[in-house]
Amino acid sequence: MSSLHASRPAATRRLAVTLAVLLLGVSATHAQQANPSRGNPLATPNDSGWVQTTTPTGRIDHSNAFFQGFGSNGRTCESCHRQAQGWSVTPQELRQRFARTSGMDPVFALVDGAVSPLADVSSVEARRSAYAMLLNRGLIRIGMPIPANAQFRLTAVDDPYGYASAHELSLFRRPLPSTNLIWLTAVMWDARETFTPFNPPMDAGIDLQNLRSSLAQQARNAILGHEQAARAPSDAIIDSIVEFELHLVTAQVDDKAAGRLNEADALGGPAILALQRFWIGINDTLGNDPTGDAFDENAMRLFDNWDDPGRFSRDRRGRARAAIARGEKLFNSMRINITGVAGLNDVTGKAVIRGSCSSCHNAPNIGNHSVALPVNIGIADASRRTPDLPLYTLTNIATGKSVQTTDPGLALRTGKWADIGKFKGPILRGLAARPPYFHNGSAATLDDVVAFYDTRFQIHMSAQQKRDLVAFLSAL
C-alpha cells in the first residue's frame, strides 16, 4: 500500500493513516474472518467468485433509510443499488425482477426506467420494449437540457424513441455503485452532484464535509427525481442514507480459480481496502499530490507477492494467482500511447503521452483518479453508437464546427464545447459484480473493456496479456 513521506506534516500524516479506520470503525481482522459462503450475508457470488462488503457492525442495516421509499413510485435507493451486484444493478438481475413481476417492480418506472417517459407500458410486451435499456444494458435514462449559456446548440437529433430535444436530451447511463464512496473525487459520471470541487489539499483529504454535502445533495435529488417524492426528505433521512453509504466498503474477496484474494501475502478483499490510505491528489499523474511526491505508475500493489513464477506455477490455483499478478504488472506498466484524449492530451500539451492504465487510474489500490479528471476517451463518439442510443449533433456557436455524440457528458453541466464527451473514471474495486461497463454499458464484459482499450490506443496486446489483465480486473 502507499506510504506517507516525511515532507507531510506529522498531524496530517497521522490523520490520513487513520481516516478509514475512524470513518468505518472496522478492523482488518474482523472482516477477514468472514467466510464467503451462502451463510455469510456480507458475501455474494458472481461469475468470477465472491464479492464481499465490509461494514462497522458486520451486517447490513436494512432498517436504514437507504432501504425505505419516500416517493410515489415505490422505489428505494436499493432499487438501483443492490448488494449482490456490487451496489449497482446488472441486466441479468433486472431481467429476473421483470420476469417475477411482469415488469411491475418499482425499478421499472416511466420517469427514468423507460426509453421515454411517454412509452407504452400497457402490457407485458409493451413494458419489455419500454424498459429495454434497463433489461439489456442496465441503463437509466437521465433527462437534461442544453444549458442556457452553452457554447453549442443542438442542430440535429436522431432518437430511436422519438422524445429527445434541446429541452431534454435522453442520456442513458449506468447507476454508479453506492459503496467505496470515501474515495470519490467527483459524484456522478458528469460530476453534477459534486457540491464543490474536491481540490487538493482539501485538508489533504481528511475533511470529508465536501463529500458528505455532495452525497447529501445526490440522495435528496434521487428521492425527488428517481423516487418521485412530492417534497424534499428531512435532513435526518438524508443523513441516515449518507452515513450508511459512507460505511460500505466492497471488493472481490474470492476468485473461482485463484481462491482467497488475501492469502499468501496478497492484499485483496474489502478488509484491507477499508484501511487504504488516501487523500485528494494522492499519486496524481499531473503533479497535484499535496505532499509534493512524484507520480508512481505502480498504483496497484495488491498482488505483488503473487508475482513469483517458481512459487505459483505448480497447480491450477497457483497458476491463476500468477496470472492475476501478471495482470497487475500490465495494468501498472504496460506502455500505452495515449492520444486524442480531451482533458489529458490537451491539458498537458502533449500529442502523445507515454503512459499506462495507472495514468488515469492512479489512486493507490482503489483505481479512480485521485483528483477529478473528466476525460473523453471516445465512448460516446458517433463511431461507437449502437442503434438503441440517441445520436446528437452539436454545433459550436462561435466556430460553426459540429460533432456527433450519444452523450455530451460534462458539457451539459458546464456548457463548454471542450467538455463534450467527458466523463469521470469510476472506482475499480468490485468490478466483477457489476457488469456491463463504461457509462453507457457498452462493454458487456471485462474482456470487452480490455478489447476497447487495445483497439482505441492500438496497444496490440497478445491473447495472454488480455487474459491476464482480465484476471486482475476480476480480482479487484
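Below is a summary of the structure that appears in this document. Chains are numbered independently. Their residues run from 1 in the order of the written sequence. This being a predicted model, a pLDDT of at least 70 is required before a residue's local features are given, and a value of 80 or more before pairs of side-chain atoms are given or counted; all residues contribute to the totals for chains, interfaces and linings. The side-chain numbers reported here are obtained from all heavy atoms of the structure, hydrogens and water having been left aside.

## Some words on the sheet that holds strand S7 (residues 259–260)
Here the rule is simple: two strands pair whenever DSSP picks up at least two bridges between them. A run of H or I in DSSP becomes a helix once it reaches four residues, and a run of E becomes a strand once it reaches two; helices and strands are each numbered from the N terminus. With respect to topology, four strands assemble into an open sheet ordered S1-S2-S6-S7, the strand pairing being antiparallel. Two strands lie at the open edges of the sheet, namely strand S1 (43–46) and S7, each paired on one side alone.

## Overview of empty space enclosed by the protein
Both cavities and pockets are sets of points on a 1 Å grid over the protein atoms alone; in a cavity a 1.4 Å probe fits but cannot get out, in a pocket the set is open with protein on both sides within 12 Å along at least five of seven lines, and lining residues sit with an atom within 4 Å of a point. Grid points are joined across faces, edges and corners, and a volume is the space filled by probe spheres set on the points. All chains considered together, the criterion is met by four cavities of 30 Å³ or more. The space that makes up the largest cavity amounts to roughly 790 Å³. Around the largest cavity, the lining comprises 46 residues; the ones closest to its centre are His361, Ile377, Pro426, Phe438 and Tyr453. Looking at the lining of the largest cavity, the elements with two or more residues in it are strand S8 (336–339), helix H12 (446–456) and helix H13 (463–474). Looking at the lining of the largest cavity element by element, the count peaks at four residues for H12. Throughout, the ten residues Ala, Val, Leu, Ile, Met, Phe, Trp, Tyr, Cys and Pro are labelled nonpolar, Asp, Glu, Lys and Arg are labelled charged, and all others, Gly among them, are labelled polar. Here the residues of the lining of the largest cavity sort into 32 nonpolar, eleven polar and three charged. In terms of lining residues, the second largest cavity is bounded by 35 residues, among which His81, Pro175, Leu176, Met188 and Gln218 are the most central. For the lining of the second largest cavity, the secondary-structure elements that each account for two or more residues are strand S3 (140–144), helix H6 (209–225) and helix H7 (235–246). The biggest single contributor to the lining of the second largest cavity is H6, with four residues. Considered class by class, the residues forming the lining of the second largest cavity number 18 nonpolar, seven polar and ten charged.

## Structural notes on the side chain of aspartate 255
Within the fold, aspartate 255 resides in strand S6 (residues 249–255). Buried within the structure, aspartate 255 lacks any salt-bridge partner; arginine 316 is the closest side chain of opposite charge, at an N-O distance of 7.2 Å. The term polar contact refers here to a pair of N or O atoms within 3.5 Å; inside protein, the definition further demands a hydrogen-donor-capable atom paired with an acceptor-capable atom, and it admits residues adjacent in sequence only when both atoms are side-chain atoms. Separated by 2.9 Å, the side chain of aspartate 255 and the backbone nitrogen of alanine 257 make a polar contact. From its side chain, aspartate 255 meets the backbone nitrogen of alanine 258 in a polar contact 2.8 Å long. By definition, residues are in contact when any of their heavy atoms lie within 4.5 Å. Among all residues touching aspartate 255, those that are not within four sequence positions of it are Ser48, Gly49, Leu261 and Ile324. In this scheme, a residue with accessible area under 20% of its type's maximum is buried, one over 50% is exposed, and one in between is partly exposed, where area comes from a 1.4 Å probe on protein chains only. Charge counting treats Lys and Arg as positive and Asp and Glu as negative, with His and both chain ends excluded. Just to be clear on terms, a salt bridge is a Lys or Arg side-chain nitrogen sitting within 4 Å of an Asp or Glu carboxyl oxygen.

## Some details on the nonpolar core
Side-chain atoms within 4.5 Å link the members of a nonpolar core, which is a set of buried Ala, Val, Leu, Ile, Met, Phe, Trp, Tyr and Cys residues. Judged by nonpolar contacts, the single largest core of 43 residues is most densely connected at Phe303, Trp306, Ile324, Phe331, Phe472 and Leu473. Mapped onto this core, the elements with two or more residues apiece are helix H9 (316–333), S8, H12 and H13. Top element by residues in this core is H9. It accounts for six residues. Ignoring sequence-local partners within four residues, the contact set of phenylalanine 472 consists of Met300, Phe303, Ile324, Gly327, Glu328 and Phe331. Ranked by size, the runner-up nonpolar core spans 39 residues in total, among them Trp87, Ala219, Ala229 and Ile280.

## Notes on unusual backbone geometry
Most peptide bonds take the trans form, and the phi angle of most residues other than glycine is negative. Cis rather than trans, the peptide bond between proline 435 and proline 436 has omega equal to 0°. Here proline 436 is to be found in the loop between helix H11 (411–414) and H12. A positive phi angle, close to 65°, is found at alanine 191, a residue other than glycine. Looking at where alanine 191 falls in the secondary structure, it is placed in the loop between strand S5 (169–173) and H6.

## Considering the environment of glycine 409
Looking at where glycine 409 falls in the secondary structure, it is placed in the loop between strand S11 (402–405) and H11. Judged by its relative accessible area of 0%, glycine 409 is buried. Beyond its immediate sequence surroundings of up to four residues, glycine 409 is in contact with Arg173, Asp190, Gly421, Lys422 and Phe423.

## Thoughts on H6
If you check H6, its first and last C-alpha atoms are 24 Å apart, about what 17 residues at 1.5 Å a residue would give, namely 24 Å. Taken together, the buried positions of H6 are Leu211, Ser213, Ser214, Leu215, Ala216, Gln218, Ala219, Ala222 and Ile223. Looking at the buried residues of H6, the elements they touch are H7. Expected span of a helix: the number of residues minus one, times 1.5 Å.

## So, the pattern of salt bridges
One pass over the full model with this rule turns up 21 salt bridges. Members of the salt-bridge network, linked through shared partners, are Arg82, Glu93, Arg97 and Asp105.

## Considering the sheet that holds strand S4 (residues 152–158)
Think of a sheet as strands paired side by side through backbone hydrogen bonds, with each pair either parallel or antiparallel. Overall, antiparallel pairing links the three strands, which are arranged S4-S10-S11 in an open sheet. The strands lining the two open edges of the sheet, one partner per strand, are S4 and S11. Averaged over all pairs of adjacent strands, the angle between strand axes in this sheet comes to 25°, irrespective of strand direction. As defined by bridge partners, strand S10 (residues 391–396) adjoins S11 across four bridges and the pair is classed as antiparallel. The residue of S11 that forms the bridge with threonine 393 is glutamine 404. An axis is simply a line fitted to the C-alpha atoms; with a helix, the fit covers only the stretch in contact. Between two such axes, the angle follows the N-to-C directions and lies from 0 to 180 degrees.

Such coordinate-based values are descriptive only and should not be taken to indicate function.
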